[in-house]
Amino acid sequence: MAKNPKLIAITSGKGGTGKSSICYGIGYTLAKQGNRTLIIELDFGLRCLDIMFGMSGKVQYDLGDVLSGKKKILDAVCVVPTASNLNIVCAPRDAFMKVTAEQVVEICRSVRQYFDYIIIDTGAGISSHVFDIVEQANLILVVTTPDPICIRDATMMSDEFYKRGNKRQRLIVNKLSKNDIKTGMITNLDEIIDTVGIQLLGVIPEDFALKEATGKGTPLSPTSPSLAAFDAISKRLTGETIPLSIK
Ligand SMILES: Nc1ncnc2c1ncn2[C@@H]1O[C@H](COP(=O)(O)OP(=O)(O)OP(=O)(O)O)[C@@H](O)[C@H]1O
Ligand SMILES: [Mg+2]
């Protein structure tokens, strides 16, 4: 059993960059590669993991029950039926419930023996609340899209982590489209990395299959381009050297 699972926080400056979709994709692929994986949804008020994994209406207990002391964290861990090794803890139904960094640490401590990876889906935005929680992670994945406003926000976020002494950051560029590539975004990919100032972990293409799968609550089609990207990212997370390939 893993005594010290890797705690990965997925965050972004701007909203809607794809954090939850990336939790979904990395969660599926890490689990498929044989890693016992838990996703904890800390984006209160924008609960969506249950829908993404086809478990809407089937989640008996969530983080709200744990934070209010009614249930233990293991009661809120739900097995994803469409993927072995994959589990989720959904955000509270009460959007105004608060969680502290100390509570997150305690939750992770009490389940760490059961998992190889714990992924935290966070809310967007530069708030001390998000910083305090995200800083508990062994690795912070900052998500941006090729959009300049997103890049600016990712840079501000990442700079703030650096200021606070946190150097364990990696960049994910999401929603890269064929148009971006045609219009020279490939050259700009280097620019994105240079601007944000953190090492690239992976690039995920704009992929309707991902939107469809997370909307319908089904696994990604084996031929979808984003699945290949998630697979490569998860392998890199587990220490494999997978070259970046952008088609
Ligand atoms: N690679 C992608 N290709 C196509 N659509 C995507 C991709 N990634 C995310 N999306 C879509 O973008 C929208 C926002 O994604 P998602 O909810 O995952 O973002 P988020 O960062 O978690 O948002 P929030 O800040 O609101 O929590 C969704 O409609 C999702 O289906
Ligand atoms: Mg989200």
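The numbers attached to residues start from 1 for each chain and follow its sequence in the written order. Here every chain gets a letter starting at A, and every ligand a number starting at 1, in the order they are written. Selection of residues for local features in this predicted model requires a pLDDT of at least 70, selection of side-chain atom pairs for listing and counting requires 80 or more, and totals for whole chains, interfaces and linings are taken over all residues. The basis for every side-chain value is the complete set of heavy atoms in the structure, and neither hydrogens nor water enter the calculation.

Caption draft 1: Summary view of the pairing of strand β4 (residues 86-89). A two-sided burial pattern is seen for β4, the buried positions comprising Leu-86 and Ile-88 on one face and Asn-87 and Val-89 on the other. Here strand β2 (residues 37-41) runs beside β4; their pairing, made up of four bridges, is parallel. Bridge pairing in β4 places Ile-39 opposite Ile-88. Direction of pairing for strand β3 (residues 78-79) relative to β4: antiparallel, over a ladder of two bridges. Its bridge partner lying in β4, Val-79 is registered against Asn-87. Here, strands pair whenever DSSP counts at least two bridges between them. Helix and strand labels come from DSSP, where a helix needs a run of H or I of at least four residues and a strand needs a run of E of at least two; each type is numbered from the N terminus. Where β3 folds back onto β4 in an antiparallel hairpin, the turn is made up of six residues, including Asn-85, whose phi is positive at roughly 75°. Type-normalised accessible area, obtained with a 1.4 Å probe on protein chains alone, sets the label of each residue: buried when under 20%, exposed when over 50%, and partly exposed for intermediate values.

Caption draft 2: Representation of the site of ligand 1. The rule for a residue being near a molecule or strand is that one of its heavy atoms must lie within 4 Å of it. Ligand 1 sits among 19 residues. The nearest are Lys-19, Ser-20, Ser-21, Asn-174 and Asp-207. By the criterion applied in these results, polar contacts are pairs of N or O atoms within 3.5 Å in which, for protein atoms, one can donate a hydrogen and the other can accept it, and in which residues neighboring in sequence qualify only through two side-chain atoms. In this structure, Gly-18 approaches ligand 1 through a main-chain N or O atom, which is 2.9 Å from an oxygen atom. One of the side-chain nitrogen or oxygen atoms of Lys-175 is found 3.0 Å away from an oxygen atom of ligand 1. Shrake-Rupley sampling with a 1.4 Å probe provides the accessible areas, and residues are treated as covered by the protein chains on show and by no other component. Compared with its free state, where it exposes 630 Å², ligand 1 has 81% of that area covered by protein. Of the residues in the shell around ligand 1, the class split is five nonpolar, eight polar and six charged. Under the grouping applied here, Gly and all other residues not named as nonpolar or charged are polar, the nonpolar ones being Ala, Val, Leu, Ile, Met, Phe, Trp, Tyr, Cys and Pro and the charged ones Asp, Glu, Lys and Arg.

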